[in-house]
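Okay, here's what each chain looks like letter by letter:
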Amino acid sequence: MSEPIITFDSVCKSFDIAGGDSLQVLDDISFSVGDGEFVAVLGPSGSGKSTLLNILSGLQNPTSGLLDAPSPDEIGFVFQRARLLPWRTVEQNLAITRAARAEGRRNPFQRDIADYLAAAGLSDYGGFYPAALSGGMQQRVSIARALATEPAMLLMDEPFSALDEMTARKQRAFLRDLWLKRRSTIVFVTHNVMEAISLATSVIVLSARPGRVLDHIAVDAEHPRSLTDPAVEAVYERVMGLLGVGERDRAAL
Ligand SMILES: Nc1ncnc2c1ncn2[C@@H]1O[C@H](COP(=O)(O)OP(=O)(O)O)[C@@H](O)[C@H]1O
Ligand SMILES: [Mg+2]
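Residues numbered from 1 in each chain as written. Chains lettered and ligands numbered in written order. Predicted model: local features only at pLDDT ≥ 70, side-chain atom pairs only at ≥ 80, totals over all residues. Heavy atoms only, no water.

The name that an unreviewed UniProt entry assigns to the chain is ABC transporter ATP-binding protein, with the source organism given as Nocardia speluncae.

> Can you tell me about the overall build of the chain, naming the residues and giving the values?
For the chain, the helix and strand inventory stands at seven helices and nine strands. A compact globule built from 253 residues should have a C-alpha radius of gyration of about 18 Å, and the chain, at 18 Å, falls within 12% of that. Pairs at least 24 apart in sequence give 69% of the contacts found in the chain among residues at least 6 apart. When the accessible surface of the chain is split by element, carbon and sulfur atoms take 48% of a total near 12,500 Å². If you average the places of the 25 positive and of the 31 negative side-chain charges in the chain, the two averages end up 5 Å apart. (Helix = DSSP H or I, 4+ residues; strand = E, 2+ residues; numbered from the N terminus. Rg over C-alpha atoms; globule rule 2.2 N^0.38 Å. Contact = heavy atoms within 4.5 Å. Areas by Shrake-Rupley, 256 points an atom, 1.4 Å probe, with all protein chains shown as cover. Lys, Arg positive; Asp, Glu negative; His and termini not counted. Charge placed at Lys NZ, Arg CZ, Asp CG, Glu CD.)

> Describe the sheet that holds strand β1 (residues 4–16), with residues and values.
With antiparallel pairing, the three strands of this open sheet are ordered in space as β2-β1-β4. Each of the sheet's edge strands pairs with one partner strand only, and the pair in question is β2 (22–34) and β4 (64–68). Ignoring strand direction, the axes of neighbouring strands in this sheet form an average angle of 15°. Pairing between β1 and β4: four bridges, direction antiparallel. Looking at β4, one finds that T7 is bridged to D68. Helix α1 (residues 49–56) contacts β1, β2 and β4 of the sheet and is inclined by roughly 120° relative to β1. (Pairing = 2+ DSSP bridges. Axes fitted to C-alpha atoms, helices over the stretch in contact; angles between N-to-C directions.)

> Tell me about the layout of surface pockets, and name the residues and values.
For the largest pocket, the calculated volume is near 390 Å³. For the lining of the largest pocket, the secondary structure elements donating two or more residues are α5 (165–182) and α6 (193–199). Here the residues of the lining of the largest pocket sort into six nonpolar, three polar and six charged. (1 Å grid on protein atoms, 1.4 Å probe; cavity = no way out; pocket = protein on both sides within 12 Å on 5 of 7 lines; lining within 4 Å. Points joined across faces, edges and corners; volume = space filled by probe spheres on them. Nonpolar A, V, L, I, M, F, W, Y, C, P; charged D, E, K, R; others polar.)

> Break down the sheet that holds strand β5 (residues 75–78) for me, with residues and values.
Taken in spatial order, the six strands make up an open sheet running β5-β6-β7-β3-β8-β9, and their pairing is mixed. With partners counted over all chains shown, the strands left at the sheet margins are β5 and β9 (213–218), one partner each. Taking the axes of each pair of neighbouring strands and ignoring which way they run, one obtains an average angle of 15° across the sheet. In this sheet, strand β7 (residues 185–190) lies alongside strand β3 (residues 38–42) in parallel orientation, the contact comprising five bridges. When the sheet's bridge partners are listed, V39 is paired in β7 with V187. Lying on the sheet, helix α4 (residues 135–147) is in contact with β5 and β6 (153–157); it crosses β5 at an angle near 170°. Sitting on the sheet, helix α7 (residues 230–242) is in contact with β3, β8 (202–206) and β9, with an inclination near 175° to β9.

> I'd like to hear about the site of ligand 1, residue by residue, with values.
Around ligand 1, the neighbouring residues are F15, L23, V25, P44, S45, G46, S47, G48, K49, S50, T51 and R209. The backbone of G46 places a nitrogen or oxygen atom 2.7 Å from an oxygen atom of ligand 1. S47 is positioned such that a nitrogen or oxygen atom in its backbone is 3.2 Å from an oxygen atom of ligand 1. In isolation ligand 1 offers 560 Å² of accessible surface; the protein chains occlude 62% of this area. Elements that contribute at least two residues to the shell around ligand 1 include exactly β2 and α1. When residues in the shell around ligand 1 are grouped by element, the largest group, three residues, is from α1. Looking at side-chain class alone, the shell around ligand 1 contains four nonpolar, six polar and two charged residues. (Near = heavy atom within 4 Å. Polar contact = N/O pair within 3.5 Å; in protein donor to acceptor, adjacent residues only side chain to side chain.)

> Would you mind going over the packing of aromatic side chains in detail, with residue names and values included?
This model, assessed by the stated rule, comprises six aromatic pairs. Between F8 and F31, the aromatic rings sit 4.7 Å apart at their centres with planes inclined by 15°, giving stacked as the arrangement. One end of the pair, F8, is in strand β1; the other, F31, is in strand β2, and 23 residues separate them in sequence. By the burial criterion, F8 is buried, and F31 matches it. Measuring from ring centre to ring centre gives 6.1 Å for F38 and W179, while their planes differ by 65°; the resulting arrangement is edge-to-face. Taken as a pair, F38 in strand β3 and W179 in helix α5 lie far apart in primary sequence, 141 residues in all. Per residue, the accessibility class of F38 equals that of W179, and both read buried. (Phe/Tyr/Trp six-rings, centres within 6.5 Å; stacked < 30°, edge-to-face > 60°. Buried < 20%, exposed > 50% of the residue type's maximum accessible area, 1.4 Å probe, protein only.)

> I'd love a proper account of the packing of α4 against α5, names of residues and values included.
Here α4 crosses α5 at 25°, and the two axes come no closer than 10 Å. Classified by the angle their axes make, α4 and α5 are roughly parallel. By crossing handedness, the relation of α4 to α5 is classed as right-handed. Between α4, through G136, R140, I143 and L147, and α5, the contact on the second element is made entirely by T167, Q171, F174 and L178. In terms of residue class, the contact of α4 with α5 is built from four nonpolar, three polar and one charged. (Parallel < 35°, antiparallel > 145°, perpendicular 65-115°, else oblique. Left-handed = near helix turned anticlockwise from the far one by under 90°.)

Okay, here's the thing in C-alpha cells:
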C-alpha cells in the first residue's frame, strides 16, 4: 500500500441516549487507507457507517482510540442527497463552496471550475438551476462541487442510494472513470455489496451494530469489472459469507 493518509487505531464510539444509557455504535475500528485508494465501507443499516465518516471528517470525536486523517478543510463530502442551493446556478454552487474553502488554503486552486464541470459531463449546464436537472445530474454536480475544492480525500455517504437503479449504474460508471483518471483518495460508504465490489480498490466489511471490522478485502480486478471475473466472484463470496447471506438467499441476483 502507498503511504497511508488515513489511519484508524482502535476507534470506539458510543452515544449517550435517554435514561442515562449509552449506545455503542463503533467497536475497536482499526484500518488504514493509502493515498489514491478507493475504499468502500460496507455494512448493514445502523452499523455505524455514517458515524465513521463523521469521525473521519472531524464532525464527531471518537469516544476512545486514535485517528490520523487530513484536516477538515482538506475534505470533500458527498451525501445521499445533492444538497445544492436551489436559488444558485450549477456554476455558482461550485463557486460558492470553493470561495468558502479558498480562505484557509496554503496553495491556490490548480484548476478552474470549468474543468470540474467538464469532468462531470456538465459543461453545457453551468448556467442551469438545479431544479432543471435530473436527480443523477444533480448528484454529479454535488460530486463536481466536492472535487472543485481539490480535497485531499473525498468522503461519500451512500451517494447513489436515492437514485433509481439505472441512473445509479450510470453514476457508478461515471465515478469509476473519474477515479481512474484522477486517482483521488475516496472513502465510499454503502450498504450495496455489488456497488462496493464494482468500484473499490478494497472493501471494509462492518458487522451489525456495534460496527466492528469483519474484514478488509483487497479487490484485485481490472475495470470495468464483471461478476464472471474469478477475483471479483471470490470477493463477492467472501463478503456474502461475512454478512451471513447464504447461497439460497442470493437468488435475487
Ligand atoms: N447523535 C446520535 N445520538 C444517538 N444515537 C445515534 C446518533 N447518531 C447515530 N446514532 C445511532 O447510531 C447507530 C448507527 O448510526 P449510523 O452511523 O447512522 O449508521 P449507518 O450509517 O450504518 O446506517 C444507529 O443506531 C443510530 O440510531
Ligand atoms: Mg448512514
